[in-house]
Structure formats: structure tokens, C-alpha cells
Amino acid sequence: MRAKSKISVLFFLLLAACVPDNAGTSLAFAETASREAPASAVGNYIFYLQAKQDQDYDSAIKFLKATIKEDPSNKILVSELFTLLTIEGRIAEAAPYAREELKSDPSSLLAVLVLTVQDARENKYREALNRLEVFPNRDDNPFLIPLLEAWLYAGLDEPKKAKQALEKVNQKGTESFYYFHLALLNDMWGDSEEAEKNYEALLHGPGILSLRTVQTYGNFLLRRNDQKKFMTLIEAYRRGNRSYPLIEEDFFLAGASSGAKKIPMSVPTPKAGLAEVFFGVSGSLADKSSPESSLLFIRFSLNLDPSLSLARVLLGEVLEQQGRLNEALELYESEPETSETYFPAQMRTAMLLAKKGETEKAEKILQNLSQMHPSLPLPWVQMGDMFVAEKNFPMAIRSYTTAIEKIGTPQKSHWTLFYSRGIAYEQNNQWDLAEQDFLQALILSPEQPLTLNYLGYSWLERGKNVVKAREMLELAAFRAPQSSFITDSLGWAYYLMKDYKKAVPVLEAAVSQDPGSAVINDHLGDAYWRSGRRREARYQWRKALDVNDDLTPEDRARVEAKLEKGLDAIGDKITVPEAELKSVIVKNEKNAGK
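Computed from a predicted model, the values in this text were never measured in an experiment. (Residues numbered from 1 in each chain as written. Predicted model: local features only at pLDDT ≥ 70, side-chain atom pairs only at ≥ 80, totals over all residues. Heavy atoms only, no water.)

Applying the stated criterion across every chain yields a total of 35 salt bridges. In this structure, Glu426 and Arg462 form a salt bridge, with 4.0 Å as the shortest nitrogen-oxygen distance. Within this pair, whereas Glu426 is found in helix 23 (residues 415–427), its partner Arg462 is found in the loop between helix 25 (449–461) and helix 26 (466–479), the two being separated by 36 residues in sequence. The partner of Glu447 in a salt bridge is Arg479, with the nearest N and O atoms 2.1 Å apart. In this pair, Glu447 sits in the loop between helix 24 (431–444) and helix 25 while Arg479 sits in helix 26, placing the two residues 32 residues apart along the sequence. The exposure class of Arg479 is partly exposed, given its relative accessible area of 43%. Through salt bridges with shared partners, a single ionic network connects Asp58, Lys65, Arg90 and Glu93. (Salt bridge = Lys/Arg side-chain N within 4 Å of Asp/Glu carboxyl O. Helix = DSSP H or I, 4+ residues; strand = E, 2+ residues; numbered from the N terminus. Buried < 20%, exposed > 50% of the residue type's maximum accessible area, 1.4 Å probe, protein only.)

Following this line, the structure appears as C-alpha cells:
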């Protein structure tokens, strides 16, 4: 599938409709609890709030149920329980509450969706359709409801009505969803010729193929033993999207083992088709940083098709966004080795273990993945990142070097490898090698602000290539105007060139972008001092000592000394050689004369 701007609008409408606004629930209950609810209800509600804060949602649900048992007429709490059960994927438990909610609020999209999922699980397709037909806000959901109705009609074995419902999605901005689901329907109905036409429309359309489209189409082609078109599909995906490695045919086998005589269909039933609808929405909401809304749709999807492994990986990523790292880790670790998403699940497992400080376990997993897939650089890249975070720069260099050896001819997207290894070299006091890597990264991606910033700043610190460094930092700041550390680098470049008039406003902008950086506050203090603004300089230095401590012990001591004696007595930590400064003056004069 291919996303376009119209889809974004539709998804935000879904977001607003599906996540009830329970803001103020806790306050409202707390204000009335002592007057209207039994003491045991108040106690259980306090335990509920604590469990929710601790992200212990099973306990939270238990305590909230106990609260409602003591205070059953509290509609606010009942609605909160309904939402929480749904978000946690306990759809069968949520269904009775959904029915009650629809009695008082027939426009509740969340209640309608919960009951649609539950009815589909029980093969009650007609009941689900009848409910959607009378839903008062149908016009506000011109994307989701037709997709659901198409698969519900498929569940009733009414292909003509299914296609008629789906036709409503065949509009500019949502046509990719139309062709994707039409391909799945035609494939399920055994019309391979039409299914292939639908997939080809997606393959040759504008935009980037989604991973799930590639997976289902690849599955379709392998079932037809069409290896030529299968390889064409793989190459088309790799050209446009490098976010996921298509490792081997197992990814397309719908859970079957490699070499199986018969390959199962990716989406063999109407229930699985409905799961695809919810999965498609959940991925788009996750991309738009709406984890709670995305979680709702992932839960719907997995309730209908627990075998949808990409949904399980997405569930883990959303749990990570919510800070529920232990749950995400448990989910990733449960992915069987036979799963088509075993590789990404193991990569995420290693990443989370490294975050927890269990580096040896993480390295063992990544080493195992590298042995299973010796041509892939990704395990080695992640090992390099892990070792950099641990400040084990020699091991990081070895890991990145191994990854680079596996990529063959470097492409534009590989700039990150050389950039990352360059940082490891620089931190390991191997500047000449670091410089080579940064230059190579710029050859691959010439206007990448991160590389421009790191190399430009490093040259300034060494008093080297000052004019070029300033130009690079100016370009980096233009490309990433909201980056505080890049803005700081540019301001510091002007400072080192003794252009304090330019340095001050740029460093002020950097401080406004990141007031909590001690380094940036220190830099601004120096610029104020050189501009004759001594009182403001001391204020910034004091602030540098009070905010987040990203200063080295040596720099902290320098700030304390500057407060006591002033910058003139301490002197600048870095000075640009006079010859380099003269080259800047000459360059400025030439520019002024143009």
C-alpha cells in the first residue's frame, strides 16, 4: 500500500473518534469519592491509579473492576474500564461494556469497532454489518467503514456486495488501500488473474511499496511458482525502501517451513482480511506518533489474526514508545525461530537488553544472527551502536568495519555507517581515520547535516580548514534549523573566528532550543563576555553549572574558574591560528565585494 496526504486526514479523524476523552476522570472521581462512594471504592481506586502509573495494567484493571463493584452507577469509571480493557486487547471482556456504551452513546466508534471484532470472531458477520449500517457517524469514517463492510460481506460469501463496499475507497489518496484489499479478496476467492492485476497496479503506481504489500504479493507469486516476478518485486522494494531487510523466502511463506510442498495463503479468511484493515490503520497511526491509538488497532488486528507477525513486531515497538520495555522484551523473545519476523524481533531483543545493561546477552544474540545471515550488515551495525553507547570504541570500530565489508559498493544510504565509524575513530583518538570516514560519508550524502556538523566542528577544534568548516556548519544549520547542537556549533564557529556580533544571536537561538544544555549556556556566556556583557556572561556560566551536566569535569572546572576570575584571565580553551583567521577575513572581504 502507498500512503498519501488524504489518508493522514482520515487517520486523524479515527484517532479523535476512537480514543475517548477521559481527561479529568481521576480528578472528578477524587472530588466526589469521599461524598458518594464507599470507602473501599476509594481505596481500590487509589490502588488502580498507582497500578496504572506503574504500568501494571492487569492489576489496574483488577482494582478498577473492584471500584466499580462498589460504585456501579459511576459511568465515568465504567467508560474508563471499557477503554482500558480494549487498549489491553481484552476484547471479549470489553464487549459487554461496548454494548452498554452504545445504548447511551450510539455514535461511539470505539464501541462499534469492539463489537465488530467480537462478532467477526464468532462468525456473526450479519450482526456486525447491521450495526455499521445504522452507525450515525458513517460519513465521518468514509475510509474505515467501507473496508470493514467489504470483508464482512466476504464473510457472508457475497462477493458482489463486498466489491461494491470496497469501491467507495477507490478515490484519490486511498486507492492503494482499494487495490491492496481487492487483491486479497480476489486471491481468497481464487481469482488469481484479477488478484495479480490488482497487485501490479500497486507495484507500478507512484510512491513506495509497503512491507505488508510486498509480503502478501510475494506470497502470492511463490504460490504460483513465479520466481521471475518474485525477484522483480524484491528488487522494486529494495530500491524504494531500505528500512527492513528482505532476508529470504521464509518471510513470504505465511508460517510454513522452508521447502514446504504447499505454501499457505497470507490472508486466507475474512477474519484475516479484517485484521489487515486494522493493521493498516495501526501502522499509519504509529508513524504519526499516536501510540495509544495505534495500540487499539493493533489489538483489534491480533484478536482477529494472532498469526500476523508484522503486527506483533509493531505491537512491541508501540509498547517501547509507551515505556513498557519489559512487556516489549517478553513479546520479542516469544517470537519463534520459524516466524518470518524472527530476525527483527531478535534485533529488538538485543537492543532492549543493551539498554538494560545486559550487553553480553545482547552481543550473543547479534553474533547468532550474524551467523544465521552472514551477508547481512545489520547485526554488526547494531553491535557497533551498542559498543559506542558503552564507550568501547575499539569494539565499535571492529563492528562497523565488518558491516562496511558486507555492503559491497557503498550507496547513498550507507553514509550512516561511515559517519558512525568516524565518530568511533574520533572518540578513540584516531583522527586521521575519522576524517577519512566523515569525508566518505559526505561523498555519499553531501548535504547531511549530522556529518557536516561533526566534521566542521572537529576541524574548528583543530584550527584546520576554518573557512570550509564555517561553510559546512552554515549549510548544516540551514538543513537542520531546529537542531540545538548544530545551531550551537555554528555560533561557536563564529565565536572562534572572533565574529562575536554574529556569534551572540546564534548562540542565543541555540540556548532557546535547548535551555538545559550546560555546554551551550557556557558557549553563550563566553560570547557575552567577549561582547562586553560581563553580567550576562556570569549569569550564563552559573546556569551552565546548574542545568543538566553535559560538561566534562575539565570544562566544569573552567566554568567555575571563569566565574571567579573572568574569561580574560582564564583564556579561550580553543584558539584558531592567525593564518586561518586571516583566510576568513580574506574570504569575507571577497564576499563583501561581490
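Looking at helix 8 (residues 125–133), one finds that the buried residues are Tyr125, Ala128, Leu129, Arg131 and Leu132. The arc enclosing the buried residues of helix 8, seen along the axis, measures out at 160°, which places them on a common side. (Arc of directions from axis to C-beta.)

Moving on, we get to the packing of helix 6 (residues 91–104) against helix 7 (residues 109–121). For the pair helix 6 and helix 7, interaxial distance at closest approach is 8 Å and the crossing angle is 135°. Looking at the two axes, helix 6 sits oblique to helix 7. The element helix 6 and its partner helix 7 pack so that their crossing is left-handed. Facing Ile91, Ala92, Ala94, Ala95, Ala98, Arg99, Glu101 and Leu102 of helix 6, the residues of helix 7 in contact are Ala111, Val112, Val114, Leu115, Val117, Gln118 and Asp119. Its residues assigned to classes, the contact of helix 6 with helix 7 comprises 11 nonpolar, 1 polar and 3 charged. (Axes fitted to C-alpha atoms, helices over the stretch in contact; angles between N-to-C directions. Parallel < 35°, antiparallel > 145°, perpendicular 65-115°, else oblique. Left-handed = near helix turned anticlockwise from the far one by under 90°. Contact = heavy atoms within 4.5 Å. Nonpolar A, V, L, I, M, F, W, Y, C, P; charged D, E, K, R; others polar.)

Okay, the confidence of the model for the chain next. Overall, the prediction assigns the chain a mean pLDDT of 88, with 88% of residues at 70 or greater. Mean pLDDT per element in the chain: helix 2 (residues 25–36) is the minimum at 46, and helix 24 is the maximum at 98. A low-confidence stretch, residues 21–25 stays under pLDDT 50, and its non-local contacts, those more than four residues away or across chains, total 7 contacts. Predicted confidence is poor over residues 27–37, with pLDDT under 50, and the contacts of this stretch with residues over four places away or in other chains come to 10 contacts. (pLDDT = per-residue confidence, 0-100.)

Take unusual backbone geometry next. The backbone phi angle of Gln55 is positive, close to 60°, even though this residue is not glycine. Note on Gln55: relative accessible area 26%, which makes it partly exposed. One non-glycine residue, Lys498, lies in positive phi territory at about 65°. The residue Lys498 is located in the loop between helix 27 (484–496) and helix 28 (500–513) in this model.

Turning our attention to helix 20 (residues 359–372). With 14 residues, helix 20 extends 20 Å between its outermost C-alpha atoms, agreeing within 8% with the 20 Å of an ideal straight helix rising 1.5 Å per residue. If you check which residues of helix 20 are buried, you get Thr359, Ala362, Ile365, Leu366, Leu369 and Ser370. Axial view of helix 20: buried residues confined to an arc of 140°, hence all on one face. Opposite the packed face of helix 20, turned more than 90 degrees from it, sit the exposed residues Glu360, Lys361, Lys364 and Gln371. (Expected span 1.5 Å × (residues − 1).)

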